[in-house]
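# Understanding the architecture of this molecule
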Amino acid sequence: MYKHLTKELDSLDPIIKEKVFEIVESLMITGKYIEGESLEQAIKSAKEWYYDLLEE
């Protein structure tokens, strides 16, 4: 795992972190992403998901 992503993951709200792991799992299943890429994409997607929830 990439160090900058690990630091970012550690600093996330627990709700976002949980969503990150759900997204990583689904991205890895598709086979389109390798581990580091899937984590990076998952962090971005989970943050967007969370902030969208706050706006509702």
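This section reports on the structure supplied with the text.

About the thresholds
- Residues numbered from 1 in each chain as written.
- Predicted model: local features only at pLDDT ≥ 70, side-chain atom pairs only at ≥ 80, totals over all residues.
- Heavy atoms only, no water.
- Salt bridge = Lys/Arg side-chain N within 4 Å of Asp/Glu carboxyl O.
- Helix = DSSP H or I, 4+ residues; strand = E, 2+ residues; numbered from the N terminus.
- Buried < 20%, exposed > 50% of the residue type's maximum accessible area, 1.4 Å probe, protein only.
- Axes fitted to C-alpha atoms, helices over the stretch in contact; angles between N-to-C directions.
- Parallel < 35°, antiparallel > 145°, perpendicular 65-115°, else oblique.
- Left-handed = near helix turned anticlockwise from the far one by under 90°.
- Contact = heavy atoms within 4.5 Å.

## Description of the pattern of salt bridges
This structure, assessed with the given rule, holds two salt bridges. Lysine 47 serves as the salt-bridge partner of glutamate 8, at 2.6 Å between the closest nitrogen and oxygen. Here the residue glutamate 8 occupies a position in helix 1 (residues 3-10), and lysine 47 occupies one in helix 3 (residues 35-55), the gap between them amounting to 39 residues. A relative accessible area of 26% means that glutamate 8 is categorised as partly exposed. Put simply, lysine 19 and glutamate 22 hold a salt bridge, and the shortest N to O gap is 3.6 Å. One end of the pair is lysine 19 and the other is glutamate 22, both in helix 2 (residues 14-30) and three residues apart, which spans about a single turn. Look at lysine 19 and you get partly exposed, because its relative accessible area is 22%.

## A few points about the environment of serine 45
For serine 45, the position within the fold is in helix 3. In this structure, the C-alpha to C-alpha distance between serine 45 and valine 24, residues 21 residues apart in sequence, is 9.9 Å.

## A word on the packing of helix 2 against helix 3
At a minimum axis separation of 8 Å, helix 2 and helix 3 run at an interaxial angle of 135°. Judged by the angle between their axes, helix 2 and helix 3 are oblique. In this structure, the crossing between helix 2 and helix 3 has a hand that is right-handed. Side by side, helix 2 and helix 3 meet where Ile15, Ile16, Lys19, Val20, Ile23, Val24, Leu27 and Met28 of the first sit next to Glu35, Ser38, Leu39, Gln41, Ala42, Ile43, Ser45, Ala46, Lys47, Trp49 and Tyr50 of the second.

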